[in-house]
Amino acid sequence: MASKNFSQRVLAFCQRIPRGRVCTYGQIARAIGRPQAARAVGSALRKNKYLIKIPCHRIVLSDGRIGNYQKGRRRKMKLLESEGVKIERGRIIEFDKYLFKV
DNA sequence: ACGACGGCCCTCG
DNA sequence: ACGAGGGCCGTCG
């Protein structure tokens, strides 16, 4: 069903996000045709087992805050910073600059 | 099948 | 700027 493809679609989309760029949960929800399912996107990512192959740390909140992560936000921030994303007080600086537009 | 629980988002005040 | 509240939806037990 649609929900079967749902997580697959989400993960597939994540793989397209370049290093050093970010996307929002809602953005992805819209991109895969489920504009109201932003929260469900998080549920799908929560189960992502291929953390290396699928960079789910590049998904953040719509207001530029980091949001949660399977391995903890701390880890998520480190990863983003290691890709050149500037973060200050738990929020991404120059958010729209790093935002990967679809 | 059902209900709770999230890696959310938007709208007020 | 900031918190509270309501809405939404896939996943798991």
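Above this text is the structure in question.
The sections below set out a description of the structure shown in this document. (Residues numbered from 1 in each chain as written. Chains lettered and ligands numbered in written order. Predicted model: local features only at pLDDT ≥ 70, side-chain atom pairs only at ≥ 80, totals over all residues. Heavy atoms only, no water.)

1. A short note on the protein's contact with DNA strand C
Around DNA strand C, 10 residues are found, and the nearest of them are Ser7, Gln36, Arg39, Ala40 and Lys47. Expressed as a percentage, the sugar and phosphate content of the atoms of DNA strand C within 4 Å of the protein is 72%. The separation between a phosphate oxygen of DNA strand C and a polar side-chain atom of Arg34 is 3.3 Å. Among the secondary structure elements, those contributing two or more residues to the surface near DNA strand C are helix H1 (2-15) and helix H3 (38-46). Within the surface near DNA strand C, the residues separate by chemical class into 3 nonpolar, 4 polar and 3 charged. (Near = heavy atom within 4 Å. Polar contact = N/O pair within 3.5 Å; in protein donor to acceptor, adjacent residues only side chain to side chain. Helix = DSSP H or I, 4+ residues; strand = E, 2+ residues; numbered from the N terminus. Nonpolar A, V, L, I, M, F, W, Y, C, P; charged D, E, K, R; others polar.)

2. Description of the pattern of salt bridges
Considering all chains together, one arrives at 3 salt bridges under this definition. With a closest N to O distance of 2.9 Å, Glu83 and Arg58 form a salt bridge. Of this pair, Glu83 sits in the loop between helix H4 (73-82) and strand S3 (87-88) while Arg58 sits in the loop between H3 and strand S2 (59-60), and the two are 25 residues apart along the sequence. On the basis of relative accessible area, Glu83 is assigned to the buried category, the value being 14%. Judged by relative accessible area, Arg58 falls into the buried class, the value being 9%. Taking the shortest distance from any N to any O, the salt bridge between Asp63 and Arg65 comes out at 2.6 Å. (Salt bridge = Lys/Arg side-chain N within 4 Å of Asp/Glu carboxyl O. Buried < 20%, exposed > 50% of the residue type's maximum accessible area, 1.4 Å probe, protein only.)

3. Some details on the protein's contact with DNA strand B
In the vicinity of DNA strand B there are 17 residues, among which Arg39, Leu45, Arg46, Cys56 and Asn68 approach most closely. The sugar-phosphate share of atoms of DNA strand B within 4 Å of the protein amounts to 42%. In the model, a base nitrogen of DNA strand B is placed 2.8 Å from a nitrogen or oxygen of the Tyr25 side chain. Within the side chain of Gln70, an N or O atom sits 3.0 Å from a base oxygen of DNA strand B. Taken together, the elements giving at least two residues each to the surface near DNA strand B come down to helix H2 (25-31) and H3. Residue contributions to the surface near DNA strand B peak at 6 residues, all from H3. Looking at the surface near DNA strand B, its residues break down into 7 nonpolar, 7 polar and 3 charged.

4. Here's the deal with the nonpolar core
In terms of nonpolar packing, the biggest core is built from 20 residues, with Val10, Ile28, Val41, Leu45 and Ile59 touching the most fellow members. When residues of this core are traced back to their parent elements, those giving at least two are H1, H2 and H3. Per-element tally for this core: the top contributor is H1, with 5 residues. Those residues in contact with Ile28 that sit more than four places away from it in its chain are Val10, Phe13, Cys14, Cys23, Val41 and Ile59. Ranked by size, the runner-up nonpolar core spans 10 residues in total, among them Val60, Leu80, Ile87 and Phe95. (Core = buried A, V, L, I, M, F, W, Y, C linked by side-chain atoms within 4.5 Å. Contact = heavy atoms within 4.5 Å.)

Read these as geometric descriptors, not functional statements.
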